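# Residue-level structure breakdown
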Amino acid sequence: MKKVLLPLLAASILALGTQESDAQSRYRTALGLGIDLGDGPTLVGPQIKHFFDGTNAGNAQVLFGDDVTVLGVDYSYNQPISGANGLSWYVGIGPQLAFIDRGRWWFGDDDWDGNETFVALRPAVGLEFKIPSAPFAFHFDWKPWWNLSNNSHFEPARFTLGFKFTLK
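One structure accompanies this document, and this report is about it. (Residues numbered from 1 in each chain as written. Predicted model: local features only at pLDDT ≥ 70, side-chain atom pairs only at ≥ 80, totals over all residues. Heavy atoms only, no water.)

## Digging into the pairing of strand S3 (residues 56-65)
Going by this rule: Two strands make a pair as long as DSSP finds a minimum of two bridges between them. The way it works is that DSSP assigns letters per residue, a run of H or I at least four long becomes a helix, a run of E at least two long becomes a strand, and they are numbered from the N terminus.
Of the pairings in the sheet, the one linking strand S2 (residues 43-51) to S3 comprises 6 bridges and is antiparallel in character. Bridge pairing links Gln 47 to Gln 61 in S3. Taking the residues that link successive antiparallel strands as the turn, the S2-S3 hairpin has 4 residues. The pairing of S3 with strand S4 (residues 68-80) spans 10 bridges and is antiparallel. Its bridge partner lying in S4, Gly 65 is registered against Val 68. Between the antiparallel neighbours S3 and S4 lie 2 residues, among them Asp 67 with a positive phi of about 60 degrees.

## Focus on a nonpolar patch on the surface
Where we set the bar: Candidate patch residues must exceed 30% relative accessible area and have no salt bridge, after which like charges are joined if within 9 Å and Val, Leu, Ile, Met, Phe, Trp or Tyr side chains if within 5 Å. Where accessible areas are quoted, they stem from the Shrake-Rupley method and a 1.4 Å probe; at the residue level, only the protein chains shown are allowed to cover. Any carboxyl oxygen of Asp or Glu that lies within 4 Å of a side-chain nitrogen of Lys or Arg is treated as forming a salt bridge with it.
A contiguous nonpolar surface patch, about 790 Å² in accessible area, is contributed by Leu 31, Leu 33, Val 44, Ile 48, Phe 129, Phe 136, Phe 138, Phe 163, Phe 165 and Leu 167. Secondary structure elements with two or more residues in the nonpolar patch: strand S1 (29-38), S2, strand S7 (136-142) and strand S10 (158-167). For Phe 138, the location among the structural elements is in strand S7.

## Digging into the pairing of strand S5 (residues 87-100)
The criterion, for reference: Throughout this description, buried means an accessible area under 20% of the type-specific maximum (1.4 Å probe, protein chains only), exposed means over 50%, and partly exposed covers the range between.
What you see with S5 is a clean split: Ser 88, Tyr 90, Gly 92, Gly 94, Gln 96, Ala 98 and Ile 100 sit on the buried side and Leu 87, Trp 89, Val 91, Ile 93, Pro 95, Leu 97 and Phe 99 on the side with no burial. Bridge count between S4 and S5: 11 bridges; the pairing is antiparallel. Each residue of the ladder has a partner; that of Leu 71, found in S5, is Leu 97. The loop that links S4 with its antiparallel partner S5 comprises 6 residues; one of these, Gly 83, has a positive phi angle of about 85 degrees.

So this is what it looks like as structure tokens:
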């Protein structure tokens, strides 16, 4: 009986320890500040990220800049980096709507001076670090802007930074 119980007990303790370690570096929902920068205007605003399970997450943000408001949602596939507690990589994609009040948008016509709505698709590849001992996470990604409307345009030099407070 001891020969069966001892290995079973050891396996249970190992499994619980692995789950606890994973729980320290992961979170369920995070609220924070997103910064979108690169070629064109710098945009800043609130964001929320929510994990549906261990690898699949959704992110929503509202970003503001000079005469522009961007609404966006993204899906991302997330995986921890082995041996780097709290560090993970992700890939994702999502639609964005840019509402321009007036002025020139970075891929617009130089003479354009009106109100317009742009529809875009934005892929993302990035890294996220969740501080294991604190409720904070940070991310950096490459997130190009692929405008699908009004003179379709692809802007590869766009990046985002995020600073989040994590909730369980």
